[in-house]
Each structure stands twice: as C-alpha cells, then as structure tokens.
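Survey of secondary and tertiary structure
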Amino acid sequence: MKRPAVVVLDYGSGNVHSAAKALEAAGARVELTADRTRVAEADGLVVPGVGAFAAVMGALNDVRGGELIERRLAGGRPVLGICVGMQVLFDRGIERGTDTEGLGNWPGVVDELHAPVLPHMGWNTVEAPEDSALFDGIRDERFYFVHSNAARNWSLDPYGAFAPPKVTWADHGGRFVAAAENGPLSATQFHPEKSGDAGLRLLANWLGTL
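Residues numbered from 1 in each chain as written. Predicted model: local features only at pLDDT ≥ 70, side-chain atom pairs only at ≥ 80, totals over all residues. Heavy atoms only, no water.

1. Observations regarding the overall build of the protein
Along the protein, the regular secondary structure elements total 6 helices and 13 strands. By the compact-globule yardstick of 17 Å for 210 residues, the protein fits well, its C-alpha radius of gyration being 16 Å. With respect to the three principal axes, the spread of C-alpha positions in the protein is 45 × 40 × 40 Å. Counting across all 210 residues of the protein, residues that qualify as buried make up 50%. (Helix = DSSP H or I, 4+ residues; strand = E, 2+ residues; numbered from the N terminus. Rg over C-alpha atoms; globule rule 2.2 N^0.38 Å. Buried < 20%, exposed > 50% of the residue type's maximum accessible area, 1.4 Å probe, protein only.)

Dropping the structure here:
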C-alpha cells in the first residue's frame, strides 16, 4: 500500500522533528517544509506548535501559514493541528493578558484553564464521540498533555450538508476541547507524538482518512 505523503509545516515552532518521526512510524512519507507548492500538493498537512499563542501566530504569519491552511481546506484537503497548532485555529488566544487574533477557522477563545495546578502536564483520559475516526480503537487510552491554555467551549454548529463536528473533551479543573474533527480539519490539544502507542495509532487513524 502506498504511504501517504505528509508535509509537517516547518515555520520555526518547536516539535517539528518529533512530529515527523512519529508520522513516519505511523506509516507516512514525511517532508519538513513551508514551500507553498509542496504544502498544497501533499496528501496531508500537519501544523505542530509549542510555546506562546502570540509567538506561534507570528511565526505562522511570517510564512503565510493561514493562507496555506485555508487553501487546503477550501479544496477539502486534510489538515491536522497539534497543541498550539490546534489553539491558533480558533478566533483568539488570551495569554498572560495578551489578546492575539487566531486563524479563525473555528469560533471561540483559547484562554487559561481554571485549574489549581498549571501547566496541565502528563497523561489524561479523553471523552471521544463513538463515531470518531481519530480515536477509533483507542477511546479508552490516555494521551500526553503539556499546556496551560485551551478552548473551554465549542460553539461551531453543524450547517448545510456538512457532517456535524466531532468534539473530544478532557478535564483538568474543568472540561476543555482535547480534539476536534471538522471535515478536512482535525486537531489535538495533546501531543500524539509523545503519547506512545496510542498516539501512533491516532496518527495512523488520521493517515487512514487521507
């Protein structure tokens, strides 16, 4: 079976190499690049991100990352965001008093979790929908989180002929969005590349949708 071609968007944010290694282990042919043609033509695009929301948005804007993502989505071509690469898909991020505009693919605000201990660091369970493609066969597994901020609400309603979004939740001082599947756009707040066998299975599930 042909291995799907995946681009990991190389825009200067953190964990691109660990994400690439995990995707290769899950069955993909992986290229690290921000080249517009390579990004457009790949079977799948992965947008990792670590650090501050504003810094990740700044680095994305430097390579016109929002435009690259939007062009793929307009053509129904899959995109997967990871950690802060998920957070920037929302309208806005508020971090340490700084309010930064996000990519706006999903409505909502990313802000600090209401938890006694931050960051939320370590393994946690998730509450995934029965029909989730990402979590097929791994709904009862634990995944590795490292973050203090998240989307604590989901406000995108189903519309038209599109299938309703599939939202997965986790809890740390209150519920937050742990993952979302919305047509060609998927994302996880946790790190699949740090989540052992369960993370590799999730990546393989995503590759199976390409």
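2. Quick notes on helix α6 (residues 196-207)
Relative to the 16 Å expected for 12 residues at 1.5 Å per residue, α6 spans 17 Å between its end C-alpha atoms, a close match to the ideal helical length. Those residues of α6 that sit buried are A198, G199, L202, L203, N205, W206 and L207. (Expected span 1.5 Å × (residues − 1).)

3. Points about the packing of aromatic side chains
One pass over the structure, following the stated rule, counts 9 aromatic pairs. On the numbers, 6.1 Å between centres and 90 degrees between planes, the contact of F90 with W154 is edge-to-face. A residue pair is termed long-range when its members are at least 10 positions apart, and F90 in strand β5 (residues 90-95) and W154 in the loop between β10 (149-151) and β11 (166-171) qualify at 64 residues. Here the two residues F90 and W154 agree in accessibility, since each one is buried. Arranged with centres 5.5 Å apart and planes meeting at 90 degrees, the rings of F135 and F143 form a pair that is edge-to-face. (Phe/Tyr/Trp six-rings, centres within 6.5 Å; stacked < 30°, edge-to-face > 60°.)

4. Focus on the sheet that holds strand β6 (residues 98-101)
An order of β6-β5-β7-β10 is seen for the 4 strands of this open sheet, with the pairing classed as mixed. The sheet terminates laterally at β6 and β10, the two strands that pair on one side only. Between one strand and the next, the sheet's axes are offset by a mean angle of 20 degrees, whatever the strand orientation. Here β5 pairs with strand β7 (residues 106-112) via 3 bridges, running parallel. Each bridged residue has a counterpart across the sheet, and for R92 the counterpart in β7 is V109. Where helix α3 (residues 53-62) meets the sheet, its contacts fall on β5, β6 and β7, and the angle it forms with β6 comes to roughly 30 degrees. (Pairing = 2+ DSSP bridges. Axes fitted to C-alpha atoms, helices over the stretch in contact; angles between N-to-C directions. Contact = heavy atoms within 4.5 Å.)

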